[in-house]
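Descriptive analysis of the structure
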Amino acid sequence: MSTVVAPTKDTARGPRPSEAAGKPKKKKDVGPTTEERKRTSNLSYWALGWLSFAHLVVFAFAAFTFTWPGLIVMLVLHWVTGSLGICLGYHRMLTHTGMKTYGWVRYTFATIGMLAGEGSPLDWVADHRKHHACSDQEGDPHTPNDGGLWSHMSWLAYHTHNGDRKAYLQRWVPDLYKERGMRWMDILFLPAHIAVGAILFAVGYWTGGTPLACSLLVWGMFVRLVLVLHATWLVNSASHMFGYRNYETTDDSRNNPLVAIVAYGEGWHNNHHAYPRMAKHGHRWWEFDITWQAIRLMRATGLMWDVVDYRTAAEKKEREAAAASAKS
Ligand SMILES: [Zn+2]
Ligand SMILES: [Zn+2]
């Protein structure tokens, strides 16, 4: 752990590193900026409708449809779609290519990620790669420098592609955009959610009649969707504002233990910004990362390999040499 810089005590909102560092000297092409995106003609009615609908269902029906089986189904699907789908599938696998795997495993995780309701893989990965390319600078799709609420959720009200989605995807996700299967997931997004809702309703109806059917639908689908959304959004908002830093990165990313709990290890966000491809987000022994445990399990079963569990090539070599000398 020699490369870990001692955590700074600047948990308060003092001057951020990006502010202290000043503006980048060379103006780079960062794609649509926040100011450019904030136009009525660029509003994403699809995202606004989808996200508002999910929240409205929760506010209107969650209290009246609570059951213990509903809560358990919600928690299990929260972990499946949040940790396995978003954190492992969308983020560490598709965005950062932190491991290798079989095509069917890759598409399985991508499909589970899609069921978290955060958009198709193409849009999600494009936005997140752009976030890394311009973290807390001009062009970042969701920096708290443009407002805490903006970084949490309002940024989704406007298209990040600013009107030319194809060009946006070809720039940020050329690898995924080439895949017919990934493009198909755009079309399958809504039908897949309707299918999951129907399955939950049917299973509930079968096992407990209409009350359980409504409970599984509202809790297993909508409460779960809303909670996973906010967990992911907290990574973009809270983990760029509150917490400690292990590494002096050029952005304002923080390690936030509370976000690490609700977002399955993604709250160790300063570690992640320092070494984005590393599939293991907890870098100190106590920085528990449950998504990493799932990746370890996948590696142990042989379903994933070449997992990036090192910060640098030198660290990888050092570890391999130590393992070789321990064997001999
Ligand atoms: Zn970030
Ligand atoms: Zn990332």
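What counts, and where the lines are drawn
- Residues numbered from 1 in each chain as written.
- Chains lettered and ligands numbered in written order.
- Predicted model: local features only at pLDDT ≥ 70, side-chain atom pairs only at ≥ 80, totals over all residues.
- Helix = DSSP H or I, 4+ residues; strand = E, 2+ residues; numbered from the N terminus.
- Rg over C-alpha atoms; globule rule 2.2 N^0.38 Å.
- Buried ≥ 20, exposed ≤ 12 C-beta atoms within 10 Å, placed from the backbone.
- Contact = placed C-beta atoms within 7 Å.
- Expected span 1.5 Å × (residues − 1).
- Bend = angle between axes of the 7 residues up to and from the residue.
- Axes fitted to C-alpha atoms, helices over the stretch in contact; angles between N-to-C directions.
- Parallel < 35°, antiparallel > 145°, perpendicular 65-115°, else oblique.
- Nonpolar A, V, L, I, M, F, W, Y, C, P; charged D, E, K, R; others polar.
- Core = buried A, V, L, I, M, F, W, Y, C linked by C-beta atoms within 7 Å.
- Left-handed = near helix turned anticlockwise from the far one by under 90°.
- pLDDT = per-residue confidence, 0-100.

Turning next to the overall build of the chain. Looking only at helices and strands, the chain features 14 helices and two strands. Relative to its length of 328 residues, the chain is compact, with a C-alpha radius of gyration of 20 Å against a globular reference of 20 Å. In the chain, buried positions account for 41% of the 328 residues. The contacts in the chain between residues at least 6 apart in sequence include a share of 69% that link residues at least 24 apart.

Attention now goes to unusual backbone geometry. Positive phi is not limited to glycine here, since Asn-162 has a value of about 60°. Inspection of the secondary structure puts Asn-162 in the loop between helix H7 (148-152) and helix H8 (165-172). The phi angle at Asp-306 is positive, at roughly 45°, despite the residue not being glycine. Looking at the secondary structure, you find Asp-306 in the loop between strand S2 (304-305) and helix H14 (313-327). You can call Asp-306 exposed: it has 11 C-beta atoms within 10 Å.

In this model, helix H5 (residues 103-114) (12 residues) spans 16 Å end to end at C-alpha, consistent with the 16 Å of a helix rising 1.5 Å per residue. Elements in contact with the buried residues of H5: helix H4 (68-95), helix H6 (121-133) and helix H10 (180-236).

Time to look at H4. Along its length, H4 shows its largest kink, about 35°, at Gly-85. Just past H4, the residue Thr-97 takes up positive phi, approximately 45°.

What follows is about the packing of H4 against helix H13 (residues 290-300). Packing of H4 against H13 leaves a shortest axis separation of 10 Å and a crossing angle of 85°. Relative to H13, H4 is oriented roughly perpendicular. Contacts from Ser-83, Leu-84, Cys-87 and Leu-88 of H4 reach H13 at Ile-290, Thr-291, Ala-294 and Ile-295. Residues of the contact of H4 with H13, tallied by class, amount to six nonpolar, two polar and no charged.

The next thing to look at is the nonpolar core. Residues Val-125, Ala-263 and Ile-295 are the most contacted members of the largest nonpolar core, which totals 60 residues. Sorting the residues of this core by element identifies H4, H5, H6, H8, H10, helix H11 (257-262) and H13 as the ones contributing at least two each. Tallying contributions element by element places H10 first for this core, with 19 residues. Excluding its chain neighbours within four sequence positions, the residues that come into contact with Val-125 are Tyr-90, Leu-94, Thr-95, Val-173 and Leu-176.

With that settled, consider the packing of H4 against H10. Interhelical geometry of H4 versus H10 gives an angle of 35° and a closest axis separation of 8 Å. Here the hand of the crossing between H4 and H10 comes out right-handed. On H10, the residues touching Pro-69, Gly-70, Leu-71, Val-73, Met-74, Leu-77, His-78, Thr-81, Gly-82 and Ile-86 of H4 are Leu-212, Ser-215, Leu-216, Trp-219, Gly-220, Val-223, Arg-224, Leu-227, Val-228, Ala-231 and Thr-232. Classifying every residue of the contact of H4 with H10 by side-chain character gives 13 nonpolar, seven polar and one charged.

Attention now moves to the environment of Ile-194. Tracing the backbone through its elements, the reader meets Ile-194 in helix H10. Each C-alpha atom, one on Ile-194 and one on Leu-225, is 13 Å from the other, the two residues being 31 residues apart in sequence.

This next bit is on the confidence of the model for the chain. Looking at the chain, pLDDT values average 92 and 92% of them are 70 or higher. Low pLDDT, under 50, characterises residues 5-20; the stretch is placed with 23 contacts to residues that sit more than four places away or in other chains.

Time to look at the environment of Ala-54. Along the chain, Ala-54 falls in helix H3 (residues 45-61). On a C-alpha basis, the gap between Ala-54 and Phe-222 in space is 5.6 Å, while along the polypeptide they are 168 residues apart. Once you skip the residues sitting within four places of it in the chain, Ala-54 turns out to touch Gly-117, Phe-222, Leu-225 and Val-226.

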